[in-house]
Amino acid sequence: NAGVTQTPKFQVLKTGQSMTLQCAQDMNHEYMSWYRQDPGMGLRLIHYSVGAGITDQGEVPNGYNVSRSTTEDFPLRLLSAAPSQTSVYFCASSKGGVQYFGPGTRLLVL
Amino acid sequence: EDQVTQSPEALRLQEGESSSLNCSYTVSGLRGLFWYRQDPGKGPEFLFTLYSAGEEKEKERLKATLTKKESFLHITAPKPEDSATYLCAVQRSGNTGKLIFGQGTTLQVKP
């Protein structure tokens with residue numbers, strides 16, 4: 001039981017490049033979410049999903065896309081990276097209200 | 001607007017010196033209040049959920065309590081391995097699962 005896994009662990013992008021952050025969970029949780037964590041800002045919700053085929057925006061969705069084709073996977077896409085998207089990104093899955101977090105992806109946009 | 005404020009931002013303790021971390025919240029109907037621990041370079045790790053005022057939960061040297069406006073995380077006789085950032089989050093009633101996080105308290109326990 002791996003829990004929530006995220007890849008890559010670290011990524012450097014140039015402004016304007018696109019990429020996908022991968023997130024997978026093996027706990028059969030319906031609810032999954034993406035957060036970004038910045039110094040002094042805490043964890044902020046980007047997008048979330050209550051089940052396969054259903055996604056919605058969180059607090060800071062601009063510049064990010066998500067899809068949920070399976071229960072297990074919830075990828076986060078950066079369409080055109082900007083320096084303001086430099087951050088640490090965490091994926092989480094939830095059951096009974098408790099969210100279980102992945103190890104994070106550290107993204108640097110130059 | 002739902003809001004979570006944690007204090008202090010940083011706390012330094014000597015080993016064995018007990019203290020408390022505060023989490024004040026404003027939410028229109030509380031479904032649950034969550035405490036997480038986060039070590040450097042890692043994802044948050046779940047500690048406790050509290051659902052109603054007066055509820056308390058304990059785990060080793062940690063005890064979490066809840067009132068209608070705030071929650072406390074009491075640390076009794078801390079050890080250096082308790083050093084971490086402690087995050088508080090609230091979930092609103094009727095919400096599908098979204099959490100609103102505070103900014104965290106970074107605890108350093110010196111031997």
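Residues numbered from 1 in each chain as written. Chains lettered and ligands numbered in written order. Predicted model: local features only at pLDDT ≥ 70, side-chain atom pairs only at ≥ 80, totals over all residues. Heavy atoms only, no water.

Regarding the overall build of chain A
Then step 1. Scanning chain A for helices and strands turns up zero helices and eleven strands.
Then step 2. For 110 residues, the compact-globule estimate of 2.2 N^0.38 gives 13 Å, and the C-alpha radius of gyration of chain A, at 13 Å, lies within 12% of that figure.
Then step 3. Seen through its principal axes, chain A has C-alpha atoms that stretch 40 × 25 × 25 Å.
Then step 4. Each of the 110 residues in chain A was classed as buried or not, and the buried ones make up 50%.
Then step 5. Counting only contacts in chain A whose residues sit at least 6 apart along the sequence, the fraction spanning at least 24 positions is 52%.
Then step 6. Averaging the locations of the 8 positively and 7 negatively charged side chains of chain A gives two centres separated by 10 Å. (Helix = DSSP H or I, 4+ residues; strand = E, 2+ residues; numbered from the N terminus. Rg over C-alpha atoms; globule rule 2.2 N^0.38 Å. Buried < 20%, exposed > 50% of the residue type's maximum accessible area, 1.4 Å probe, protein only. Contact = heavy atoms within 4.5 Å. Lys, Arg positive; Asp, Glu negative; His and termini not counted. Charge placed at Lys NZ, Arg CZ, Asp CG, Glu CD.)

Remarks on the state of the cysteines
Then step 1. Applying the stated criterion to the full structure yields two disulfides over all chains.
Then step 2. Note on cysteine connectivity: Cys23 of chain A is disulfide-linked to Cys91 of chain A, with sulfurs 1.8 Å apart. Here the S-S torsion is close to -70°, and the disulfide linking Cys23 of chain A with Cys91 of chain A is therefore left-handed. In this pair, Cys23 of chain A sits in strand β3 (residues 19-25) while Cys91 of chain A sits in strand β9 (residues 87-95), placing the two residues 68 residues apart along the sequence.
Then step 3. Through a disulfide, Cys23 of chain B is tied to Cys88 of chain B; the S-S separation comes to 1.9 Å. (Disulfide = S-S within 2.5 Å.)

Concerning the interface of chain B and chain A
Then step 1. Taken together, the contacts link 19 residues of chain B with 18 residues of chain A.
Then step 2. Taken together, both faces of the contact between chain B and chain A bury some 1,400 Å²; the carbon and sulfur share is 57%.
Then step 3. Where chain B meets chain A, there are zero salt bridges.
Then step 4. Summed over the shared surface of chain B and chain A, the number is four residue pairs in polar contact (both at pLDDT 80 or more).
Then step 5. Of all the secondary structure elements, the ones that give two or more residues to the side of chain B that touches chain A are β4 (30-38), β5 (45-50) and β9 (84-92) of chain B.
Then step 6. Of the residues forming the side of chain B that touches chain A, the biggest block, three residues, is contributed by β4 of chain B.
Then step 7. Classifying every residue of the side of chain B that touches chain A by side-chain character gives eight nonpolar, nine polar and two charged. (Buried area = accessible area lost by both parts, 1.4 Å probe. Salt bridge = Lys/Arg side-chain N within 4 Å of Asp/Glu carboxyl O. Polar contact = N/O pair within 3.5 Å; in protein donor to acceptor, adjacent residues only side chain to side chain. Nonpolar A, V, L, I, M, F, W, Y, C, P; charged D, E, K, R; others polar.)

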